[in-house]
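Residues per chain, in single letters:
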Amino acid sequence: MVIAMDRVPLQPVKDPPNLVRTRAFSLERLLSHLDPGTAEESEDFVRRIYHQRHIDLSSDRNGKTGR
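It should be emphasised that the depicted structure is a prediction, and the values quoted were computed from it without experimental measurement.

*Asks:* Can you help me understand the overall build of the protein in this one?
*Replies:* The helix and strand tally for the protein stands at two helices and zero strands. When burial is assessed residue by residue, the protein has 3% of its 67 residues classed as buried. Total accessible area on the protein stands at roughly 7300 Å², and carbon and sulfur atoms take up 58% of it.

*Asks:* Help me understand the layout of surface pockets, please; the structure alone is not making it clear to me.
*Replies:* To locate leftover empty space, one rolls a probe as large as a water molecule over the atoms. Counted as a void, the largest pocket has a volume near 230 Å³. Around the largest pocket, the lining residues are Val20, Arg21, Thr22, Arg23, Ala24, Phe25, Ser26, Arg29 and Leu30. Residue composition of the lining of the largest pocket, grouped by class: four nonpolar, two polar and three charged.

*Asks:* Sorry, what's going on with a negative patch on the surface here?
*Replies:* On the surface, Asp35, Glu40, Glu41 and Glu43 cluster together to form a negatively charged patch. Here Glu41 shows up in helix 2 (residues 39-61). The exposure class assigned to Glu41 is partly exposed, which follows from its relative accessible area of 48%.

*Asks:* Whenever I open this one, the pattern of salt bridges confuses me. Can you help?
*Replies:* Pairs can form between side chains of opposite charge once their charged atoms are near each other. What the rule picks out here adds up to two salt bridges. Note that Arg47 is salt-bridged to Asp44, the shortest N-O span being 3.5 Å. With Arg47 and Asp44 both in helix 2 and three residues apart, the pair spans about one turn of that helix. Linking Asp44 and Arg48 is a salt bridge whose minimum nitrogen-to-oxygen distance equals 3.2 Å. One end of the pair, Asp44, and the other, Arg48, are both in helix 2, four residues apart, so they sit about a helical turn from each other. Given the relative accessible area of 32%, Asp44 is considered partly exposed. A single salt-bridge network, built from bridges that share partners, covers Asp44, Arg47 and Arg48.

What counts and how
Residues numbered from 1 in each chain as written. Predicted model: local features only at pLDDT ≥ 70, side-chain atom pairs only at ≥ 80, totals over all residues. Heavy atoms only, no water. Helix = DSSP H or I, 4+ residues; strand = E, 2+ residues; numbered from the N terminus. Buried < 20%, exposed > 50% of the residue type's maximum accessible area, 1.4 Å probe, protein only. Areas by Shrake-Rupley, 256 points an atom, 1.4 Å probe, with all protein chains shown as cover. 1 Å grid on protein atoms, 1.4 Å probe; cavity = no way out; pocket = protein on both sides within 12 Å on 5 of 7 lines; lining within 4 Å. Points joined across faces, edges and corners; volume = space filled by probe spheres on them. Nonpolar A, V, L, I, M, F, W, Y, C, P; charged D, E, K, R; others polar. Patch = residues over 30% accessible without salt bridge, like charges linked within 9 Å, V, L, I, M, F, W, Y side chains within 5 Å. Salt bridge = Lys/Arg side-chain N within 4 Å of Asp/Glu carboxyl O. Lys, Arg positive; Asp, Glu negative; His and termini not counted. Charge placed at Lys NZ, Arg CZ, Asp CG, Glu CD.

Structure representation (structure tokens):
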């Protein structure tokens with residue numbers, strides 16, 4: 001496969017990223033690059049996830065799927 005570029009980068013990349021994974025996948029490493037926000041935002045986010053999960057389970061029990 002050949003990909004044609006519309007423009008040439010101004011400067012060549014000195015240290016291109018390594019796109020081949022050399023280590024095992026680590027969720028902890030991935031999450032370490034995320035900003036979790038404030039404690040209140042985190043609590044609200046978790047509360048909404050549990051609320052949606054409760055709605056989904058209730059719908060499943062009633063023969064409906066909420067997904």
